[in-house]
Amino acid sequence: MINSLDPRIARENLTEDNNIAPLTEMDQFETYEVFHQKKRGDQHVHVGIVHAPNIEMALLFGKDQYGRRGLTANIWVVKTSNVFCTEYEDQDIFETTPEKQYREAGGYKVMDKINKYKKENKV
Amino acid sequence: MAKNIIMNNIAIKELLYKMADDLLVLGHRNSEWTGLGPILEEDIAFSSMAQDKIGHSQALFSILYDLGEPEPDTNAFMREAKHFHNSQFVALQNDDYDFSTIRHFLFYHADQLRFDNLANSSFEPLAKVSRKIKGELKYHVFHADIWLNKLGNGNEESHARMQTALNYAWNYALGMFEKGDFEEQLIAEKVFEGEQSLQNKWLTVITPIIEKANLKIPSEKDWAPILGGRKGYHTENLDQLVTEMGEVFRIEPGAEW
């Protein structure tokens, strides 16, 4: 017998040579991606995954895993296999050349103008 | 008039005790699955709901405290089993997850309907607690319904196990609606709608959900509610639970946690 101080384990009457079959490969439910929204109108933010046998249960588990603590307005779940994504080997498609920096938002020197305006108009 | 208020207090206390004890005992039973749930996510969900139930019982023990009963922890952990007013249903030992899921479903629906009615109780402290926990109860039955449906409509084995568990649980579940001594008074004073009315509502709500899960409620001629719990008649199931539940508290009753 397995000696455990935990009454729940003790009640299970587990023996040392118990015949628990080893897990077969993929002996897990599918995964679902969970998106959490703090307040109405906010963006849903990806917070992690849950394993579940179907989408209703994924929603239940998503609620308990990620919506149990703190503020929550809404939860989305999406089957991981339904997410269409880029390949990491194609990561170079996101690279950009230094000459194109003018096309990035950071390229605008708008804060200088705002500060100048504020200074002149004493806002 | 004064006599009326005193009687009323006893009636309300009886109502509070049976609810608080049901929630405490089932909360404890369900928490026994912590670490042993079928999958990690469900383990967390089921444990979290068990904690909710214990929290709800604490809220009721706090009202009892305001009515002159012992302090909540003492009341919960120092009483002997024969002084508990829970139904025998909630004290039954866990077997497999099929039974725990069925009990979770049958009890949580009754619990939600009971609090739903009490949200309009003339006894304001109870009405206030009911309104506060509304969302948690809604989630609990949401969870229970999905599991019942999934396992009832699962494979042959899951369906058979659920039906067996439902048959076994049924008469115990009917015992939840055992009438107290102050039933008429609670109804007349608009504190609570009464067990009969609650049971009727419960049947109306759960019947279509059970049917949708492809399960059958035992035929009415076999209904024989298992009563006694409300009056302190319990089996060794509760002795075992009460001993274990209060084990740590009793080592040092006055300890600060």
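Note that the structure is predicted; figures quoted are calculated from it, not measured. Starting from 1, residues in each chain are numbered consecutively following that chain's sequence as written. Chains and ligands are labelled sequentially in the order written, the chains with letters from A and the ligands with numbers from 1. Totals for whole chains, interfaces and linings use all residues, but because this is a predicted model, local features are given only for residues with pLDDT of at least 70 and pairs of side-chain atoms are given and counted only at 80 or more. To obtain the side-chain values, all non-hydrogen atoms of the structure were included, while hydrogens and water were left out.

Undergrad: It is not clear to me how the overall build of chain B should be interpreted in this structure. Could you clarify?
TA: Helix and strand counts for chain B come out as 12 helices and 0 strands. Taken against the 2.2 N^0.38 rule, which gives 18 Å for 257 residues, the C-alpha radius of gyration of chain B at 18 Å falls within 12% of a compact globule. Seen through its principal axes, chain B has C-alpha atoms that stretch 60 × 45 × 35 Å. Burial classes: relative accessible area under 20% of the type maximum marks a residue as buried, over 50% as exposed, and values in between as partly exposed (1.4 Å probe, protein chains only). Here chain B, with 257 residues, has 54% of them falling under the buried criterion. The contact criterion used throughout is that any non-hydrogen atoms of two residues lie within 4.5 Å. For chain B, the proportion of contacts with a sequence separation of at least 24, taken over those separated by at least 6, is 81%. Approximately 11,800 Å² of chain B is accessible, and the part contributed by carbon and sulfur atoms is 55%. A positive count includes Lys and Arg, and a negative count includes Asp and Glu. His and the chain ends are not counted in either. Here the site of a charge means NZ on Lys, CZ on Arg, CG on Asp, or CD on Glu. Across chain B, the centroid of the 25 positively charged side chains sits 6 Å from that of the 39 negatively charged ones. Helix numbers and strand numbers start at the N terminus; a helix is a DSSP run of H or I with at least 4 residues, a strand a run of E with at least 2. Every radius of gyration here is taken over C-alpha atoms, with the globule rule written as 2.2 Å times N^0.38, N being the number of residues. Here the open area of atoms and residues is found with the Shrake-Rupley method and a 1.4 Å probe, where only the protein chains shown may cover a residue.

Undergrad: Is there a simple way to think about the confidence of the model for chain B in this case?
TA: Interpretation of this model should avoid reading the predicted coordinates in detail wherever pLDDT is low. Residues and elements named next belong to chain B. Of the residues in chain B, 97% have a pLDDT of 70 or more, and the chain-wide mean is 94. Mean pLDDT in chain B bottoms out at helix H1 (residues 2-31), which sits at 86, and peaks at helix H10 (residues 195-212), which reaches 98. With a pTM of 0.83, the predicted complex shows an ipTM of 0.72. Values of pLDDT, ranging from 0 to 100, describe the predictor's confidence in every residue of the model.

Undergrad: Hey, could you run me through the packing of helix H2 (residues 40-66) of chain B against helix H6 (residues 124-132) of chain B in this one?
TA: Residue and element names in this part refer to chain B. Contact geometry for H2 and H6: axes closest at 11 Å, N-to-C directions at 165 degrees. For the element pair H2 / H6, the angle class is roughly antiparallel. Like other packed secondary-structure pairs, H2 and H6 cross with a definite hand, here right-handed. Mapping the contact onto sequence places Ala-59, Leu-60 and Ile-63 in H2 and Pro-125, Leu-126 and Val-129 in H6. Angles shown run from 0 to 180 degrees and are taken between the N-to-C directions of axes, each axis being a line fitted to C-alpha atoms and, for helices, limited to the stretch in contact. Comment on the angle field: the value is read as roughly parallel under 35 degrees, roughly antiparallel over 145, roughly perpendicular from 65 to 115, and oblique elsewhere. Should the near helix be turned anticlockwise from the far one by less than a right angle, the crossing is termed left-handed; should it be turned clockwise, right-handed.

Undergrad: Explain the side chain of His-28 of chain B here, please?
TA: Its place among the elements puts His-28 of chain B in helix H1. We classify His-28 of chain B as buried; its relative accessible area is 15%.

Undergrad: Could you clarify how one ought to interpret the packing of aromatic side chains in this entry?
TA: A ring pair, where both rings are aromatic, is described by two values, the distance of the centres and the angle of the planes. Any Phe, Tyr or Trp ring, taking Trp's six-membered ring, that has another such ring centre within 6.5 Å forms a pair; planes under 30 degrees apart are called stacked, those over 60 apart edge-to-face, and the others tilted. Taken as a whole and assessed by the stated rule, the structure comprises 11 aromatic pairs over all chains. Seen in terms of ring centroids, Phe-107 of chain B and Tyr-108 of chain B are 6.1 Å apart; in terms of plane orientation they differ by 70 degrees. Their pairing is edge-to-face. When its relative accessible area of 1% is taken as the criterion, Tyr-108 of chain B is described as buried. When the ring of Trp-170 of chain B is compared with that of Trp-223 of chain B, the centres are 5.5 Å apart and the planes differ by 55 degrees; the resulting orientation is tilted. With a gap of 53 residues between them, Trp-170 of chain B in helix H8 (residues 156-174) and Trp-223 of chain B in the loop between H10 and helix H11 (236-245) connect regions that are remote in the sequence. On the basis of relative accessible area, Trp-170 of chain B is assigned to the buried category, the value being 1%. Through successive ring pairs, a cluster of aromatic residues spans Trp-33, Phe-46, Tyr-97 and Trp-147 of chain B. Two limits define a charge over a ring: the Lys NZ or Arg CZ must be within 6 Å of the ring centre, and within 35 degrees of the ring normal. Its end group placed over the ring of Tyr-139 of chain B, Lys-63 of chain A keeps NZ or CZ at 3.8 Å from the ring centre. Over the ring of Phe-84 of chain B we find Arg-79 of chain B, and its NZ or CZ is 4.2 Å from the ring centre.

Undergrad: What is the right way to read a negative patch on the surface from this model?
TA: Residues enter patches when they are more than 30% accessible in relative terms and free of salt bridges; like-charged ones are connected within 9 Å and nonpolar ones (Val, Leu, Ile, Met, Phe, Trp, Tyr) within 5 Å. Definition used for salt bridges: Asp or Glu carboxyl oxygen within 4 Å of a side-chain nitrogen of Lys or Arg. Among the surface-exposed residues, Glu-87, Glu-89, Asp-90, Asp-92 and Glu-95 of chain A lie close enough to one another that they form a single negatively charged patch. Structurally, Asp-92 of chain A is set in the loop between strand S3 (74-79) and helix H3 (110-121).

Undergrad: Honestly, helix H2 (residues 55-66) of chain A in this entry has me stumped. Any pointers?
TA: Helices are assigned an expected span. That span is 1.5 Å times one less than the residue count. Here H2 of chain A spans 16 Å end to end across 12 residues, near enough to the 16 Å set by a 1.5 Å rise per residue. At its buried positions, H2 of chain A is contacted by strand S1 (30-37), strand S2 (45-52) and S3 of chain A together with H2 and helix H7 (134-152) of chain B.

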